[in-house]
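# Survey of secondary and tertiary structure
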Amino acid sequence: MEKVTDGLILVILCLFLFIGCQNNPTEEMRFENVANASKIEVSHFYEGEESKQTIENSDAINEIANWLNTFILNKVSFPEGENPEENENRESFCFIVYNEAETTITEFCYVIDLEQCYIRYQSQWYIVENPSTPTFT
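Residues numbered from 1 in each chain as written. Predicted model: local features only at pLDDT ≥ 70, side-chain atom pairs only at ≥ 80, totals over all residues. Heavy atoms only, no water.

## Quick look at the overall build of the protein
- Scanning the protein for helices and strands turns up 3 helices and 7 strands.
- If you list the helices and strands of the protein from N to C, you get α-α-β-β-α-β-β-β-β-β.
- Residues counted as buried form 31% of the 137 residues belonging to the protein.
- Within the protein, residue pairs in contact and separated by at least 24 positions form 58% of the contacts whose partners lie at least 6 positions apart. (Helix = DSSP H or I, 4+ residues; strand = E, 2+ residues; numbered from the N terminus. Buried < 20%, exposed > 50% of the residue type's maximum accessible area, 1.4 Å probe, protein only. Contact = heavy atoms within 4.5 Å.)

Structure, rendered in structure tokens:
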């Protein structure tokens, strides 16, 4: 009986050891915060040109939030200096989302790179499995 108890304790200790050694998951994307924004600054990059727009209309903000919530995302990684933003032929929309106190809630970019679309959020890259062109800009 004592050997069974010792074995059970050893198994439990091993479980705690493996659970404790796992990497902490990256912060989840919080696109639901976009719907609560008071203002969104959008920078559009295309063919070497940049245009900026500030969106403060609640209907347009909800349209952006709804657009983001349709995406199916899968995390992907790229070698140093080879991410989609490095491609000169890409188009991108970068968003800075503010609350009523003018504090940044979140920032992210939607990158259209030839045949694939990506989202960069907190220096992590996600491939968009069901991309769509933004219609709100």
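## With respect to the packing of aromatic side chains
- Under the criterion given, the structure shown has 8 aromatic pairs.
- The structure contains a cluster of three or more aromatic residues connected by ring pairs, namely Trp67, Phe71, Phe95, Phe108 and Tyr110.
- Over the ring of Tyr98 we find Lys39; its NZ or CZ atom is 4.8 Å from the centre of that ring. (Phe/Tyr/Trp six-rings, centres within 6.5 Å; stacked < 30°, edge-to-face > 60°. Lys NZ or Arg CZ within 6 Å of the ring centre and 35° of its normal.)

## Focus: the pattern of salt bridges
- Under the defined criterion, the tally for this structure stands at 4 salt bridges.
- The partner of Glu102 in a salt bridge is Lys39, with the nearest N and O atoms 2.9 Å apart. With Glu102 in the loop between strand 4 (91–98) and strand 5 (104–113) and Lys39 in strand 1 (residues 39–46), the pair connects residues that are 63 residues apart, well separated along the chain.
- In this structure, the salt-bridge partner of Arg120 is Glu85, at a minimum N-O distance of 2.9 Å. Here Glu85 lies in the loop between strand 3 (73–76) and strand 4 and Arg120 lies in strand 6 (residues 116–121), a separation of 35 residues in the sequence.
- Classification of Arg120 as partly exposed rests on a relative accessible area of 24%.
- By relative accessible area, which is 22% here, Glu85 ends up partly exposed.
- Because the salt bridges share partners, they merge into one network encompassing Lys39, Glu41 and Glu102. (Salt bridge = Lys/Arg side-chain N within 4 Å of Asp/Glu carboxyl O.)

## Quick word on the state of the cysteines
- As enumerated under the stated definition, the model contains 1 disulfide in all.
- One disulfide bridge connects Cys94 with Cys109, the sulfur atoms lying 2.0 Å from each other. Looking down the S-S bond of the Cys94 and Cys109 bridge, the torsion is 110 degrees, so its handedness is right-handed. With Cys94 in strand 4 and Cys109 in strand 5, the pair connects residues that are 15 residues apart, well separated along the chain. (Disulfide = S-S within 2.5 Å.)

## Concerning the pairing of strand 1
- Both strand 1 and strand 4 contribute to a ladder of 8 bridges, which runs antiparallel. If you follow Tyr46 over to strand 4, its bridge partner there is Glu91.
- Inspection of the sheet shows strand 1 paired to strand 2 (residues 49–55) by 7 bridges, in the antiparallel sense. Bridge pairing links Phe45 to Glu50 in strand 2. (Pairing = 2+ DSSP bridges.)

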